[in-house]
Amino acid sequence: MPRKTKQKDSILRVVRETDSHPTALWVYEQVRKEIPNISLGTVYRNLKLLKWEGKISELALAGALSRFDGRVPGHYHFRCEKCGHVFDVDQPVQNELNQRLIAKTGFKVSYHILEFRGLCPRCQ
Ligand SMILES: [Zn+2]
Ligand SMILES: [Zn+2]
């Protein structure tokens with residue numbers, strides 16, 4: 001397998017095998033166990049690439065460190081304000097919200113992001 005493909009494959013596997021919504025740094029630390037000479041820059045580049053290919057998604061919200069998610073298509077999240085952990089929320093994505101906005105404003109909506117905030121059971 002070409003080196004580049006191998007790097008990309010292990011990055012994708014690491015992101016998909018966890019439900020912790022890892023940061024790029026965490027992914028880098030895991031992949032490094034397998035490919036010791038990989039650089040953080042390579043991990044960043046591949047994460048962006050995988051995102052553009054629609055294989056993973058990026059949870060980027062103002063003021064928060066970017067996290068990656070191997071669970072696509074879209075679902076909602078809950079972010080704990082104390083420990084920072086991001087959980088998947090078992091709530092159907094409300095696509096009708098997009099339709100409502102389109103009808104009202106004429107914006108061309110691609111998708112929407114919804115994140116609940118509060119305290120997880122461990123932090124309460
Ligand atoms: Zn918490
Ligand atoms: Zn998720």
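Basis of the calculations
Residues numbered from 1 in each chain as written. Chains lettered and ligands numbered in written order. Predicted model: local features only at pLDDT ≥ 70, side-chain atom pairs only at ≥ 80, totals over all residues. pLDDT = per-residue confidence, 0-100. Helix = DSSP H or I, 4+ residues; strand = E, 2+ residues; numbered from the N terminus. Axes fitted to C-alpha atoms, helices over the stretch in contact; angles between N-to-C directions. Left-handed = near helix turned anticlockwise from the far one by under 90°. Contact = placed C-beta atoms within 7 Å. Nonpolar A, V, L, I, M, F, W, Y, C, P; charged D, E, K, R; others polar. Core = buried A, V, L, I, M, F, W, Y, C linked by C-beta atoms within 7 Å. Buried ≥ 20, exposed ≤ 12 C-beta atoms within 10 Å, placed from the backbone. Pairing = 2+ DSSP bridges. Domains from an automatic or database assignment.

**Q** Help me get a handle on the confidence of the model for the protein chain, residues and values and all.
**A** Residue-level pLDDT values for the protein chain average 91, and 98% of them are 70 or greater. Of all helices and strands in the protein chain, the one with the weakest mean pLDDT is strand S1 (residues 57-59) (88), whereas helix H2 (residues 24-32) scores best (96).

**Q** Would you mind going over the packing of H2 against helix H3 (residues 40-52) in detail, with residue names and values included?
**A** In the contact formed by H2 and H3, the axes pass within 9 Å of each other and the chain directions differ by 115 degrees. With respect to the hand of their crossing, H2 and H3 are arranged in right-handed fashion. Contact residues: H2 offers Ala-24, Val-27, Tyr-28 and Val-31, while H3 offers Leu-40, Val-43, Tyr-44 and Leu-47. Residues belonging to the contact of H2 with H3 are distributed by class as follows: eight nonpolar, no polar and no charged.

**Q** Break down the nonpolar core for me, with residues and values.
**A** Grouped together as the largest cluster of nonpolar side chains are twelve residues: Ile-11, Val-14, Val-15, Ala-24, Val-27, Tyr-28, Val-31, Val-43, Leu-47, Leu-50, Ile-56 and Phe-68. When residues of this core are traced back to their parent elements, those giving at least two are helix H1 (3-17), H2 and H3. Residue contributions to this core peak at four residues, all from H2. Not counting chain neighbours up to four residues away, the residues in contact with Leu-47 comprise Ile-11, Ala-24, Val-27 and Phe-68.

**Q** Give me the sheet that holds strand S4 (residues 86-89): which residues, what numbers.
**A** Strands sit in the order S4-S3-S5 across an open sheet of three strands; the sheet is mixed. Sheet topology places S4 and strand S5 (115-118) at the edges, where each strand pairs with a single neighbour. Shown here is a sheet whose adjacent strand axes are inclined to one another by a mean of 25 degrees, direction ignored. Taken together, the four bridges between strand S3 (residues 76-80) and S5 define a ladder with parallel strand orientation. If you follow Cys-80 over to S5, its bridge partner there is Gly-118.

**Q** Report on unusual backbone geometry, specifying residues and quantitative values.
**A** Its identity as a non-glycine residue notwithstanding, His-21 has a phi of 50 degrees, on the positive side. Relative to the elements of secondary structure, His-21 occurs in the loop between H1 and H2.

**Q** Describe in detail the domain arrangement of the protein chain, supporting the description with residues and values.
**A** Partitioning the protein chain into domains gives domain 1 (1-70) and domain 2 (73-124). Put simply, the middle of domain 1 and the middle of domain 2, counted by C-alpha atoms, are 22 Å apart. Between domain 1 and domain 2, the contact holds five residues from the first and four residues from the second.

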